[in-house]
Every structure is written in structure tokens, then in C-alpha cells.
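In case you want the letters, here they are:
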Amino acid sequence: MVMLYILFAVYLAAINFFALLFVRKQKKAAEGALDKPKYRDGKLLLAALLGGALGAFLTMLFSKFRTDNILLMILLPLFIVLNVYAVVSIFRSGIFVFT
């Protein structure tokens, strides 16, 4: 049972780290581009929905990148709430208890 908690924590850390790297990659691409680059939000929103919303949102706020995008500024906090709700409901329901 403890192993499942550890695996779940590692998964959340990895998906948040992926979201952090993805936002940083987009920022570096934007700094090097001469014209305004088009961003695809699909991968970022998918990573946020799978548990990396907190990492993506904090990275965007601290690096001051894409904070003018209304869609991301509304959806990422909503995904944070959904992620916390999912984690709490999973642990309270006893899914990880096999004994």
C-alpha cells in the first residue's frame, strides 16, 4: 500500500515537472522567434488535466509568460481544483486500500 502512495507521488511530481519543462520550452521558443509564434495549448492542457496544472500555472506566473491568455488563466486554476478534488476523493474512497 505504501508503494502505491509512493508511485502516485512520483507520478504527480513527474507530470508537474513535464508541465514545467513544457512551459519553459515555449518561453524559450518565443524569445528566439522574430515574429509572434503560434502556441498550441493542447499538450499543456492535457498535462494540466492529468495532474500537472499546479506546475504549469506556477511556472507561467513566476516566469510571467502567457499570463495574458484568458483561456489558460481560467482553465489552469480550474484544473488545479479538479486535480485536488480527484486526489482527495481517490484517497478517501479507499481505492488504494487492498487489505
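Scroll up for the structure.
Note that the structure is a prediction, hence the values are computed from the model and not measured.

S.K.: Tell me what's going on with the nonpolar core, and back it up with residues and numbers.
M.R.: When a protein is soluble and globular, its nonpolar side chains tend to lie buried together. In this structure, Val23, Leu44, Ala56, Met60, Leu72 and Leu76 are the most contacted members of the largest nonpolar core, which totals 16 residues. Residue contributions to this core peak at eight residues, all from helix α2 (residues 42–63). Residues contacting valine 23, with those up to four places away along its chain left out, are Leu44, Ala56, Thr59, Met60 and Phe65.

S.K.: Please give an account of the pattern of salt bridges that cites residues and values.
M.R.: Proximity of charged atoms lets side chains of opposite charge pair with each other. Following the criterion strictly, the structure yields one salt bridge and no others. A salt bridge links arginine 66 to aspartate 41; its shortest N-O distance comes to 2.7 Å. Of this pair, arginine 66 sits in the loop between α2 and α3 (70–93) while aspartate 41 sits in the loop between α1 (2–32) and α2, and the two are 25 residues apart along the sequence. Aspartate 41 shares its class with arginine 66; the two are buried.

S.K.: I'd like a description of unusual backbone geometry, backed by residues and values.
M.R.: Residues apart from glycine generally show negative phi values, whereas peptide bonds are mostly found in trans. One non-glycine residue with positive phi stands out, namely lysine 64, at about 55 degrees. Relative to the helices and strands, lysine 64 is located in the loop between α2 and α3. Note on lysine 64: relative accessible area 69%, which makes it exposed. Although it is not a glycine, arginine 66 sits at a positive phi angle of roughly 60 degrees. Note on arginine 66: relative accessible area 11%, which makes it buried.

S.K.: Pulling in residues and values, what's your account of the packing of aromatic side chains?
M.R.: Under the counting rule described, the total for this entry stands at three aromatic pairs. Where tyrosine 5 meets phenylalanine 91, the ring centres are 5.2 Å apart and the plane angle is 35 degrees; that geometry is what we call tilted. Note that tyrosine 5 is positioned in helix α1 and phenylalanine 91 in helix α3, a separation of 86 residues in sequence. Overall, phenylalanine 91 belongs to the partly exposed group, its relative accessible area being 32%. A ring pair is formed by phenylalanine 18 and phenylalanine 22, whose centres lie 6.2 Å apart and whose planes are at 25 degrees; its orientation type is stacked. Separated by four residues within a single helix, phenylalanine 18 and phenylalanine 22 lie in helix α1, roughly one turn from each other. Overall, phenylalanine 22 belongs to the buried group, its relative accessible area being 12%. Each member of the aromatic cluster is reached from another via a ring pair, and the members are Tyr5, Phe8 and Phe91.

Here is what the cut-offs are and how they apply
Residues numbered from 1 in each chain as written. Predicted model: local features only at pLDDT ≥ 70, side-chain atom pairs only at ≥ 80, totals over all residues. Heavy atoms only, no water. Core = buried A, V, L, I, M, F, W, Y, C linked by side-chain atoms within 4.5 Å. Buried < 20%, exposed > 50% of the residue type's maximum accessible area, 1.4 Å probe, protein only. Helix = DSSP H or I, 4+ residues; strand = E, 2+ residues; numbered from the N terminus. Contact = heavy atoms within 4.5 Å. Salt bridge = Lys/Arg side-chain N within 4 Å of Asp/Glu carboxyl O. Phe/Tyr/Trp six-rings, centres within 6.5 Å; stacked < 30°, edge-to-face > 60°.

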